[in-house]
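Chain by chain, the residues run as shown.
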2 protein chains.
Amino acid sequence: MERTTTLSARRLASMLDASEDGTGPAYRRLADRIRSAVMDGRIPTGTRLPSERALAEATGLSRTTTTRAYEALRSTGLARTRHGSGTVVHVPLGAAGSTSMLGRPSRPDGVALTAAAAEAPDGFASLVERAMRSLPAVLATDGYLPDGLPILRERLAARFTAQGVPTDPDQIVVTTGAQSALSLLVAVLVRPGDRVVVEGCGYPHAFDMLSRAGARLLPLPVGDDPWPVDDLARVAPSAQLAMLVPDFHNPTGSLMGSPARRAVARTLAASGVTTIVDETLRDLAIGDLEMPEPYAHHDPNAIVVGSAAKSLWGGLRIGWIRAPRSLVSKLVQERMVRDLGTAALDQLVVATALEHGEIVPAGRREDLRARRDALAEAVGRHLPDWRLNRPEGGLSLWATLPVAASSSLTVAAQDEGLTLTPGPRFFPTLPALGERHLRLPFVLPPEQVDDAVGRLARAWQRVVSGQPQGAHDPDTVDLIA
Amino acid sequence: MERTTTLSARRLASMLDASEDGTGPAYRRLADRIRSAVMDGRIPTGTRLPSERALAEATGLSRTTTTRAYEALRSTGLARTRHGSGTVVHVPLGAAGSTSMLGRPSRPDGVALTAAAAEAPDGFASLVERAMRSLPAVLATDGYLPDGLPILRERLAARFTAQGVPTDPDQIVVTTGAQSALSLLVAVLVRPGDRVVVEGCGYPHAFDMLSRAGARLLPLPVGDDPWPVDDLARVAPSAQLAMLVPDFHNPTGSLMGSPARRAVARTLAASGVTTIVDETLRDLAIGDLEMPEPYAHHDPNAIVVGSAAKSLWGGLRIGWIRAPRSLVSKLVQERMVRDLGTAALDQLVVATALEHGEIVPAGRREDLRARRDALAEAVGRHLPDWRLNRPEGGLSLWATLPVAASSSLTVAAQDEGLTLTPGPRFFPTLPALGERHLRLPFVLPPEQVDDAVGRLARAWQRVVSGQPQGAHDPDTVDLIA
């Protein structure tokens, strides 16, 4: 029945070690750390916390401290005591509903920098209008499209082929967004105990999915190069699968160069590792660089995942998989117990967008470049001791903080009406490393950037100066799950 | 890595027992039976068949018979021999792609009676047009709607409330169709070994999903009443969950009466069983009956699943869950590793359709009634010894055949260019019972019905007269996965 998992005191204590905030009374610091872990999804709602005594033993804190910390969590609505069954984390959803990664601000003047996703680009409404002209032919069918709308599969295949990756429409499965594509692939390809090479930091929901399927993650070392070939050669022989994001890697924005693509593909092929390549951000090259060839150019057996949600708009739940033919029917069969197929209207919109082979609307890259530059400029001005990358594509900046306090910053930012995703969420096996980082999606229009970064700077100031953080705003927490 | 499951000889033999066709050479009968099991999804593509010798031992057939049967499967492209790893079922997808339940005919003149789904109703295009007027407000957001578009959640909640099931918008999660709703619920609620009460026959993909989650099915006995309360009272104490379809039960079309609703709800509540009610077909009452109150009227804790795919159009991947608030945030969290949210355009269309509370377009019920009556009339004329129900709602007739030969009929029908779903697919634990049944969706326009039923009657004639079935058409098989 309804799952209530119990968190052991030792496990909770190890999660908290990752945070390093050090201001205010001990009970509040403890409560804040637990709150961070709940907010970033490491502790799911419904989880039973260890007893106050067990937590005191595991952390070395006094019983009074753990008891008061739990009281503080309860008083802000983040935990409930169930008679006879301890303290259970409870995160109510607000009317606008949201989750950690897709957190919405609850204050009317709030700002979210959680999802790397902006409003729809100019011209989107007229794209929809054009697409709807093709509606009648689809309406004459029952609308179920388990592998995808034929014209969309054709156009996607033609685009792959034009990019140097020969692809037949039969090799394409249209999915309900890239997340659903990854989820289908994991269901079909991963068996418990399989070892999967991943970047040392990356997209949390992909890691979560792999872990739930029972995979063992083999993260590459974290450093300036997300794909160190020597380390890859060391882990590849024990891996069955690799899941990589070579094009504007999320969250760091790194782009795998052409020689690295060749070397990585050769290394993985030598060990017979099946590779899933997530190209969700590939279309969003906004710099003046020349894009390297797609990864699959070096490994024709690579399974490629793409999406229209980033290039066009997140409200379109359209992703796709390019896979060897032998895998396609298995994927389609797997989705019969999941979603039966992908929305026909959305598929028409993306097929129409691809009419001339280019999915990104005119002007969108320039717009994103302006947003990136405005955000980078404001962060440089308000927070001069932060180090920022300057990615040539994708949707977010990657900040390195001078102090390891990303989770505390996330808590403090809430009081400023600013919702963030704490750095540790991007580090599957070593969350502590994430305390030095923050992902900053450059999705706000330039005129809103200064206000948002001002809030960020105020929150940071409070964290580093050790000021007690303001009273928790229950309305804000309401919107995080 | 890529899953290849091996089917044991004993298991394959037990699947084949369910078929009772008895004409033509033994090897072809064996091949046809295996083909049926592949076609209806009981043997998934990629499955390794037992060796010819093991199958001969398990079935009592000669080695020559099993060898020739496998050859026949290979020659029609339904199986492949992999060097050193035996015979593997392989079902290529055609360009139009499809699966057993959503099978498409491959011949240009072909007809499918697999999905209980028709073309979009009159007025659908103008509904879309009206909905798109509300697009700008949604386009101003990032489009991610993890729990659903607020206006749609409000209208669904108001509709539940108006039907006697008080519901707050916070209790609604909009999903990517009803299948995705069930899939989310199973992921959150079912643990391996949980016992789940289900109807003795029902929707195959729901059973498949429960089985994959490790649930143990407790099917109610099959009979004229799908919900025998005495039997329910017997199994309920050992169950954690029940999954029921009280409104035009799929596939039988049965409607649970008001007193039965009360009795079933009371019985399940007495044992503390959580109940999932699938109301996907509830809106499609096409008879003159007065609809009983919704099941949840008797059990306010019931989790209700609904969908727009049947009432409106299958191309809209919109379903929903009404759940206790405590469950909503868990469901939203679970979908973070699945699809992140549901298509915004589709949600706008359904919200617009619900503007006045009624989701089914004017004229659709009359249209479906005409289709039902035309199909029933034609079956009565062409196949007078078949017994048909005459459901007061839903989308399909349920036929009882005078001879247990549903799987053979499905094979024979292929040669007539008619795609069917064999009866055993609807019987999770006793497929043999399904050989006496066939689901006939009344989705064809009346003018196409006579041709389709003519094909059905010719196929049936060949089955009962023991005529050898015509050569297998590889094009037809191409389209079944």
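Just so it is clear, the structure is predicted and the values come from calculations on it, not from any experiment.

Quick notes on the overall build of chain A
- In terms of regular secondary structure, chain A is built from 18 helices and 14 strands.
- Taking all 481 residues of chain A together, the buried fraction comes to 62%.
- At a minimum sequence separation of 6, the contacts of chain A that also span at least 24 residues come to 73%.
- Of the accessible surface of chain A, which amounts to about 16700 Å², a share of 50% is contributed by carbon and sulfur atoms.

Here's the deal with the interface of chain B and chain A
- Listed by partner, the interface residues are 84 residues for chain B and 84 residues for chain A.
- Carbon and sulfur atoms supply 58% of the area buried between chain B and chain A, which totals about 7100 Å² over both sides.
- Here chain B and chain A share two salt bridges between them.
- Secondary-structure elements contributing two or more residues to the side of chain B that touches chain A are α5 (124–132), α6 (135–139), α8 (177–189), α9 (204–212), α12 (325–335) and α13 (344–353) of chain B.
- Of all the elements, α12(B) adds the most residues to the side of chain B that touches chain A, at eight residues.
- Among the residues forming the side of chain B that touches chain A, the class breakdown is 42 nonpolar, 23 polar and 19 charged.

Focus on unusual backbone geometry
- Across the junction of A:Asn250 and A:Pro251, the peptide omega takes the value 15 degrees, indicating a cis bond.
- Relative to the helices and strands, A:Pro251 is located in the loop between β7 (241–244) and α11 (258–270).
- For B:Leu340, which is not a glycine, the phi torsion comes out positive at approximately 65 degrees.
- As for its position among the elements, B:Leu340 is in the loop between α12 and α13.

Quick notes on the sheet that holds strand β10 (residues 319–322) of chain A
Residue and element names in this part refer to chain A.
- Read across the open sheet, the seven strands follow the order β4-β10-β9-β8-β7-β5-β6; overall the sheet is mixed. The open sheet has two edge strands, β4 (172–175) and β6 (216–219), and neither has a second partner. For this sheet, the mean inter-axis angle between neighbouring strands, taken without regard to orientation, is 20 degrees.
- Two strands pair when backbone bridges link them, and strand β5 (residues 195–198) and β7 are joined in this way by three bridges, in the parallel orientation. Within β7, the position partnered with valine 198 by the bridge is methionine 243.
- Docked against the sheet, helix α7 (residues 150–162) engages β4, β9 (303–307) and β10, running at close to 120 degrees with respect to β4.

Reading the values: the criteria
Residues numbered from 1 in each chain as written. Chains lettered and ligands numbered in written order. Predicted model: local features only at pLDDT ≥ 70, side-chain atom pairs only at ≥ 80, totals over all residues. Heavy atoms only, no water. Helix = DSSP H or I, 4+ residues; strand = E, 2+ residues; numbered from the N terminus. Buried < 20%, exposed > 50% of the residue type's maximum accessible area, 1.4 Å probe, protein only. Contact = heavy atoms within 4.5 Å. Areas by Shrake-Rupley, 256 points an atom, 1.4 Å probe, with all protein chains shown as cover. Buried area = accessible area lost by both parts, 1.4 Å probe. Salt bridge = Lys/Arg side-chain N within 4 Å of Asp/Glu carboxyl O. Nonpolar A, V, L, I, M, F, W, Y, C, P; charged D, E, K, R; others polar. Pairing = 2+ DSSP bridges. Axes fitted to C-alpha atoms, helices over the stretch in contact; angles between N-to-C directions.

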